[in-house]
Amino acid sequence: MTNGNFASDFDDKFTKYTKYCIMDKQVKNYVDKFMAELIAKNPGEKEFHQAVSEVVESVAPYILQNPYLLDQKIMERIVEPERVIMFRVPWMDDKGEIHVNRGFRVQMNSAIGPYKGGVRFHSSVNLSIMKFLAFEQTFKNSLTTLPMGGAKGGSDFSPRGKSDAEVMRFCQSFINELYRHIGPDTDVPAGDIGVGGREVGFMFGQYKKLKNEWTGTYTGKGQCWGGSLLRPEATGYGACYFAQDMLATRGKSFKGQTVVISGSGNVAQYAAEKAMRLGAKVVTFSDSNGYIYDPEGMTEEKIAYVKNLKNVIRGRIKEYVKQYPNAKYFEGERPWGVKCDIAMPCATQNEIELKDAEKLVANGCYCVTEGANMPTTPDAIALFQKNKMLYSPGKASNAGGVSTSGLEMSQNSMRLKWTAEEVDEKLHRIMSDIHAACVKYGTEEDGYINYVKGANIAGFIKVANAMCEQGLV
Ligand code: NDP
């Protein structure tokens, strides 16, 4: 067996691969066999299969060029979580009735740093969704250039319609088990769908009580108790910074462009805010019931209204049209039929299917930047790429959130707080570095930048190299 330090000659081998593209059949055989085994071993986990398939297709040519990685069974090891914790979360509602939910934490990979990844509270949460998110997180965190491993957690509990007291009791029960598996140098959770500042506060409070110590074990904390400035804004802002770099490759910018955004939660709100401030006209928001179309575009006042509606009143997006009667609400529909230049899916996985992608293409959309995780189905991605559109996968363009979580961890360890300008400057630089890595590893022979390939390969190299250097553990 040779030494595992293969990354040094990566560029040479990569160039050879892209130049001669010698092994199409071999690659297909490898991917087919690998996926057949993965599906047999993890039956029914369709989101996990989808996420793995996308990565394996990108990195297979390189693995086949490096027999050492084949010997090391590096892909077989990367797709197997280091640890999966599943647990009972019992809680009592305000009427005294008992409910039982299921809690999860998938600790996927700790090769390059402590486990790091959000917690999702949504009725759809299951093991497949947790594993796909933890798997994606591993490569995303690698792309950020910061030392963070990959994890994800959550529960099939939905905070929607629950009182603050019920949410608090649920969060406390969730932590009563999870606290023994997390810590500042072990695993640092954060927010995701259904988990914002309120939920992070309740979980952190219970964690602190049980451990009797104040550490930066959660990120996305409140501003007066260890939270980083700009963490709430970071995912949406970061997606716009990434899109700016993509647009610049075609001599374009947000200025004067029409932007369609899905979701109306954390990522959507700040993606809309930044896109608008960069000169775009943002015309939609959505939630799981439908979308609003505002032909006049968002303003600071309208975005402040949406933030209050979703984060404070906890209402539904359809209420927007009562406040702004020139807007229209479309029940049960997604916003992808609205004519736009740039689309930013910021709600959930698989929310752009082939039929939606066809509408976007037909309407002249030329840039899709993902704020959500895996919002586009594989056939829709293929259509975007066939049309040579600018298309970035979430693991690259939504990495601003976890990057700023990494910056929050640094600030907590150093016991200091950076200004918003300092954090923004670091976030901007990280997003540009991720973009540059995608360009480096994703540029095709005809000059088209395949951001999927670029992000997967750049994310993979670091994790695989670290795993090889650390031996068979
Ligand atoms: P929020 O809970 O704040 O908002 C989620 C939004 O998406 C809500 O508007 C919600 O509507 C909508 N939504 C959720 N599920 C569905 C569904 N099945 N169909 C249609 N709409 C749906 O979550 P975030 O904004 O934090 O997260 C959004 C996405 O971004 C997720 O994919 C998340 O993994 C990803 N992400 C988030 C990061 C962060 O820092 N927060 C970091 C990186 C990625 P409703 O109110 O009806 O549920």
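All values derive from a computational prediction rather than experimental measurement.

What you see with strand β5 (residues 187–190) is no split at all: D187 and P189 on one side and V188 and A190 on the other are buried throughout. As paired strands, strand β3 (residues 115–121) and β5 are joined by 4 bridges and run parallel to one another. Among the inter-strand pairings, G117 is bridged to a residue of β5, identified as P189.

Attention now goes to the site of the ligand. Neighbouring the ligand are 26 residues; D192, T235, S288, R316 and N373 lie closest to it. Within the contact set of the ligand, an oxygen atom lies 3.2 Å away from a side-chain nitrogen or oxygen of R160. Within the contact set of the ligand, an oxygen atom lies 2.9 Å away from a backbone nitrogen or oxygen of S264. Elements represented by at least two residues in the shell around the ligand include exactly α9 (231–248), α10 (266–277) and β8 (284–287). Residues that form the shell around the ligand fall into these classes: 5 nonpolar, 13 polar and 8 charged. When residues are assigned to domains, the shell around the ligand turns out to be shared by domain 2 (83–215) and domain 3 (233–398), each giving three or more.

For any two helices packed against each other, the geometry comes down to the angle between their axes and how far apart the axes lie. At a minimum axis separation of 7 Å, helix α17 (residues 420–442) and helix α18 (residues 451–469) run at an interaxial angle of 105 degrees. Between α17 and α18, the crossing angle belongs to the class labelled roughly perpendicular. In contact with H435, A437, C438, Y441 and G442 of α17, α18 contributes Y451, K453, G454, A455, I457, A458 and I461. Each residue belonging to the contact of α17 with α18 can be placed in one class, and the counts come to 8 nonpolar, 3 polar and 1 charged.

Another aspect to go through is the sheet that holds strand β12 (residues 367–369). Here 5 strands make up an open sheet; going across it, the order is β7-β6-β11-β12-β13 and the pairing parallel. Looking at which strands have only one partner, the edges of the open sheet turn out to be β7 (281–282) and β13 (390–392). With 3 bridges connecting them, β12 and β13 associate as parallel partners. Pairing of T369 across the sheet is with S392, part of β13.

Attention shifts here to the sheet that holds strand β1 (residues 83–92). With mixed pairing, 5 strands are arranged side by side in an open sheet as β1-β2-β4-β3-β5. Each edge of the sheet is formed by a strand with only one pairing partner; in this case those strands are β1 and β5. The sheet shows a mean angle of 20 degrees between the axes of neighbouring strands, taken without regard to direction. Together, β1, β2 (98–109), β3 and β4 (150–155) form the strand contacts of helix α6 (residues 127–143), whose direction differs from that of β4 by roughly 150 degrees.

Attention shifts here to the packing of aromatic side chains. Summed over all chains, the structure comprises 20 aromatic pairs. Measuring from centroid to centroid gives 5.8 Å for F384 and Y391, while their planes differ by 35 degrees, and the two rings are tilted. Exposure remark for F384: the relative accessible area of 0% places this residue in the buried category. Residue classification places Y391 among the buried positions, given a relative accessible area of 1%.

Let us now look at a nonpolar patch on the surface. Taken together, the side chains of M92, I98 and V100 define a hydrophobic patch exposed on the protein surface, amounting to about 300 Å² of accessible area. Topologically, M92 is positioned in strand β1.

Attention shifts here to the domain arrangement of the protein chain. As far as domains go, the protein chain holds domain 1 (3–77), domain 2 (83–215) and domain 3 (233–398). Taking only C-alpha atoms into account, the centre of domain 1 sits 32 Å from that of domain 3. Domain 1 puts 5 residues into the contact, and the matching count from domain 3 is 7 residues. When the two sides are added together, the surface that domain 1 and domain 3 hide from each other amounts to roughly 450 Å², 53% of it contributed by carbon and sulfur. Together, E47, Q50 and E54 form the three largest contributors to the area buried by domain 1 at its contact with domain 3, with a combined 87%. Where K395 meets E54, a salt bridge forms, and the shortest distance between an N and an O atom there is 2.8 Å. Linking domain 1 with domain 3 are 2 residue pairs in polar contact (both at pLDDT 80 or more), by the criterion used here. Along the lines of polarity and charge, the residues of the side of domain 1 that touches domain 3 split into 2 nonpolar, 1 polar and 2 charged.

The rules we used
- Residues numbered from 1 in each chain as written.
- Predicted model: local features only at pLDDT ≥ 70, side-chain atom pairs only at ≥ 80, totals over all residues.
- Heavy atoms only, no water.
- Buried < 20%, exposed > 50% of the residue type's maximum accessible area, 1.4 Å probe, protein only.
- Helix = DSSP H or I, 4+ residues; strand = E, 2+ residues; numbered from the N terminus.
- Pairing = 2+ DSSP bridges.
- Near = heavy atom within 4 Å.
- Polar contact = N/O pair within 3.5 Å; in protein donor to acceptor, adjacent residues only side chain to side chain.
- Nonpolar A, V, L, I, M, F, W, Y, C, P; charged D, E, K, R; others polar.
- Domains from an automatic or database assignment.
- Axes fitted to C-alpha atoms, helices over the stretch in contact; angles between N-to-C directions.
- Parallel < 35°, antiparallel > 145°, perpendicular 65-115°, else oblique.
- Contact = heavy atoms within 4.5 Å.
- Phe/Tyr/Trp six-rings, centres within 6.5 Å; stacked < 30°, edge-to-face > 60°.
- Patch = residues over 30% accessible without salt bridge, like charges linked within 9 Å, V, L, I, M, F, W, Y side chains within 5 Å.
- Areas by Shrake-Rupley, 256 points an atom, 1.4 Å probe, with all protein chains shown as cover.
- Salt bridge = Lys/Arg side-chain N within 4 Å of Asp/Glu carboxyl O.
- Buried area = accessible area lost by both parts, 1.4 Å probe.

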